[in-house]
Amino acid sequence: MKSKPQLSFWQIWNMCFGFLGIQFGFALQNANASRIFETLGAPMDAVPGLWIAAPLTGLLVQPIVGYLSDRTWTRWGRRRPFFMIGAVLTTLALLVMPNSPTLWIAAGTLWVLDASINVSMEPFRAFVGDQLAPKQRASGYAMQSFFIGVGAVVASFLPYILAHFGVANTAAKGEVPGTVRYAFYFGAVVLLAAITWTVVSTREYSPTELASFDDAEPSPVHAGTPVAGPPGWAAIVGWLGLGVVLALLIAWRQGDRMLYVLAGLCGMYGLLLGVARMLPGRHMLATIVDDLRSMPATMRRLAWVQFFSWFALFAMWIYTTAAVAGTHFGSSDPQSAAYNEGANWVGVLFGAYNGFAALAALVIPLMVRMIGLRWSHLVNLWLGGLGLVSLMFIGNPTWLLLSMVGVGFAWASILSLPYALLSDSVPSAKMGVYMGIFNFFIVIPQLVAASALGFALRSWLGGNPMHVLVLGGCSMLVAGLCVLRVPSQQEVV
C-alpha cells in the first residue's frame, strides 16, 4: 500500500480556508446570541435554556451528516457537497436572526443557524483526515485553528468597529442594535465566499483511492474496541429507568425545569438503543449506534477531555457578557448604554482570544514536536483554565485582554489536538461518522451546562455570573488532567 502524498502549504491553506467563513458565523453567534435574547426580553437565568438549540442540533445533525458524507460520491466529491449546502442555509439564517421580531423566532433561528453550520463543519473535520497523511494532520488541524482564530477576531470585533464608525449601538426596546445587524450581514457574505473558495480550489480522493492508502486502517498505537453487537435489554431498560427516576426526583424536589433536560438525555439514549436493536443491522441509525458503542479506546478517553473542555467554553460563551457588563461596567440592564458598552467590550475580548488562538495555531505544531500531543494539550488547557479564573480578580476591563491569552491557547488546542489524536485511531472509511460521534462529547457538556448552570447560578453561585466563569476555569483544569489518560501517539508532525 502507498502513502498519501505530502500536500504543500498552499494546498493545506486552500482546503482549510472555508473554516474562516464557518468560524465567522460561529463567532457572531457566540458573541451576540445572548445579547439578542436579552434584548428581546429574556431574563438572564433563562438564557442558557435558549442556547439548548445549538448543542441539540449538533447532537442530531453531525453523526448523520458524517454517516452520509462517508457514503457520498458525486462529481463534486465526498465532503464538498455538504460544505455548500450548509453554507447556503447558514447564510440565510445569518440574515434572519438579527431581524427576529420576537424571542421565540430568535431561538428558532438559532436552531437553524447552528444546524446549518454543523452541516458544513462536520465534513471539514473529516476532510483533513481524508486528505492528509498522519504526519501532516496536526498541521492541518492547526491550520483550521488559524482560520478559526482569524475569522472569529474580525467577527467578534465587528459590532465594536461599527459603533466606532457611527453605527447605532442602541435601539428601541425589543430591537437589535444596528451594530449587530450589519455585523451579521457582513458575516453572511464572508461565510459563503470562504466555503465556496475551498469547494472550487480543492480536489478529493475517491473512496477507492482512500482505501489504497496505508492509513486506511487505524494506527496500531491506538487499541480498538471489538464490535459491540445489538444493544442489550438491560442497557435499554437501565437508561430509560434512569431518565424516569431523575425526572421524578426533580419533580419531587421541585427542581429547576431545565434539569429535566438531563433526565431527557438519559431516557432518549435508552430509547435510541431500543430503536437501534429493532432495526436491521445495515440501517443508518443501527450503524451509528453500533459505531458509538464500538468506538476506539482513544476516543473513549478523549471524551472526558472534551466534556470538561466544552463545559468550560459553553459557560464562558453564555455568561461572559453578563459577567463583564455587571462587574466591570456596572449594569445588568440590556437597554442601558453601559450594558451595551460592556457587551461590545466582550466582543473585543472574544475577538482577542480568537486572535491569540490564531497565533497559538502557529506555535502548537512546534510544541507538539517538542513535548508531544498530550502534554501540549494539557499545558494549553491549563493556560485557558487560569485565564478564566483570573477574570474574577482583574479590576480594570482593559487588563482582561491578558486573560484572553490563556483562553486563546486553550481554544486553538481544543480545535486541533483532540482531532489529531482521534484521526489516527479510526478507519478512513468511517472518518466522517466517527468525527460526528465525537461531536457528542462536545454537545453533551453543552447540554449539561445549558440545563444546570441557570439553577447553579441561583442556588449555589450567589446570582453572580462571574462565579460561573470561575467554575468553567476549574473545569478546564480538570480537562488537562484527563489528557494524561489518552494513549500517546509518537508521530512527527
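Small disclaimer: the values here were computed from a predicted structure and weren't measured. (Residues numbered from 1 in each chain as written. Predicted model: local features only at pLDDT ≥ 70, side-chain atom pairs only at ≥ 80, totals over all residues. Heavy atoms only, no water.)

(A) Highlighting the overall build of the protein chain. In terms of regular secondary structure, the protein chain is built from 19 helices and 0 strands. Taking 23 Å as the expected radius of gyration for a compact globule of 493 residues, we find that the protein chain reaches 22 Å, a close match to that expectation. Counting all 493 residues of the protein chain, 60% fall into the buried class. Long-range pairs, those at least 24 residues apart, make up 83% of the contacts in the protein chain between residues at least 6 apart in sequence. Just so you have it, the protein chain exposes about 18,900 Å², and 71% of that area is on carbon and sulfur atoms. Each charge class in the protein chain was averaged separately, 26 positive and 19 negative side chains, and the resulting centres sit 4 Å apart. (Helix = DSSP H or I, 4+ residues; strand = E, 2+ residues; numbered from the N terminus. Rg over C-alpha atoms; globule rule 2.2 N^0.38 Å. Buried < 20%, exposed > 50% of the residue type's maximum accessible area, 1.4 Å probe, protein only. Contact = heavy atoms within 4.5 Å. Areas by Shrake-Rupley, 256 points an atom, 1.4 Å probe, with all protein chains shown as cover. Lys, Arg positive; Asp, Glu negative; His and termini not counted. Charge placed at Lys NZ, Arg CZ, Asp CG, Glu CD.)

(B) Main features of the layout of surface pockets. What the largest pocket holds in volume is close to 1,200 Å³. In this structure, the largest pocket is lined by 34 residues; those nearest its centre are Leu59, Leu265, Tyr269, Phe440 and Ile444. Sorting the residues of the lining of the largest pocket by element identifies helix H4 (53–70), helix H10 (233–252), helix H11 (260–278), helix H12 (284–293), helix H13 (297–328) and helix H18 (440–459) as the ones contributing at least two each. Of all the elements, H11 adds the most residues to the lining of the largest pocket, at 11 residues. Split into classes, the residues belonging to the lining of the largest pocket amount to 31 nonpolar, 1 polar and 2 charged. (1 Å grid on protein atoms, 1.4 Å probe; cavity = no way out; pocket = protein on both sides within 12 Å on 5 of 7 lines; lining within 4 Å. Points joined across faces, edges and corners; volume = space filled by probe spheres on them. Nonpolar A, V, L, I, M, F, W, Y, C, P; charged D, E, K, R; others polar.)

(C) Broad picture of the side chain of Thr198. Examined against the element boundaries, Thr198 turns out to sit in helix H8 (residues 178–201). From its side chain, Thr198 meets the backbone oxygen of Asn14 in a polar contact 2.8 Å long. (Polar contact = N/O pair within 3.5 Å; in protein donor to acceptor, adjacent residues only side chain to side chain.)

(D) Broad picture of helix H17 (residues 431–438). The element H17 is extensively covered by neighbouring structure, given that 8 of its 8 residues are classed as buried. Of the residues making up H17, those classed as buried are Met431, Gly432, Val433, Tyr434, Met435, Gly436, Ile437 and Phe438.

(E) Structural view of the pattern of salt bridges. For the coordinates displayed, the defined rule picks out 6 salt bridges. Here Arg79 and Asp70 are joined by a salt bridge, their closest N and O atoms 3.0 Å apart. Residues Arg79 and Asp70 agree in their burial class; the two are buried. Between Arg203 and Glu209 there is a salt bridge; the shortest N-O distance is 3.5 Å. Since its relative accessible area comes to 49%, Arg203 is described here as partly exposed. Three or more residues joined by partner-sharing salt bridges are found here, namely Asp70, Arg78, Arg79 and Asp130. (Salt bridge = Lys/Arg side-chain N within 4 Å of Asp/Glu carboxyl O.)

(F) Local environment of the environment of Leu366. Inspection of the secondary structure puts Leu366 in helix H14 (residues 337–390). Separated by 227 residues in the primary sequence, Leu366 and Ser139 have C-alpha atoms spaced 9.7 Å apart.

(G) Summary view of a nonpolar patch on the surface. Judged by side-chain polarity, Leu366, Met370, Ile371, Trp375, Val379, Trp382, Leu383, Leu481 and Leu484 come together as a nonpolar surface patch covering roughly 840 Å² of accessible area. No other element matches the 7 residues that H14 contributes to the nonpolar patch. Here Trp382 shows up in helix H14. (Patch = residues over 30% accessible without salt bridge, like charges linked within 9 Å, V, L, I, M, F, W, Y side chains within 5 Å.)

(H) Quick peek at the packing of aromatic side chains. In this structure the tally under the stated criterion is 26 aromatic pairs. An angle of 90° between the planes, with centres 5.1 Å apart, marks the rings of Trp239 and Tyr269 as edge-to-face. Of the two residues, Trp239 is situated in helix H10 and Tyr269 in helix H11; the sequence distance between them amounts to 30 residues. In this structure Tyr269 comes out as partly exposed when scored by relative accessible area, which is 24%. (Phe/Tyr/Trp six-rings, centres within 6.5 Å; stacked < 30°, edge-to-face > 60°.)

(I) Spatial organisation of empty space enclosed by the protein. In the structure shown here, the tally under the stated rule is 6 cavities of 30 Å³ or more. Size it by volume and the second largest cavity reaches roughly 70 Å³. Lining the second largest cavity we find Thr39, Thr170, Ala171, Glu175, Pro177, Pro334, Gln335 and Asn340. Looking at the lining of the second largest cavity residue by residue, the classes come out as 3 nonpolar, 4 polar and 1 charged.

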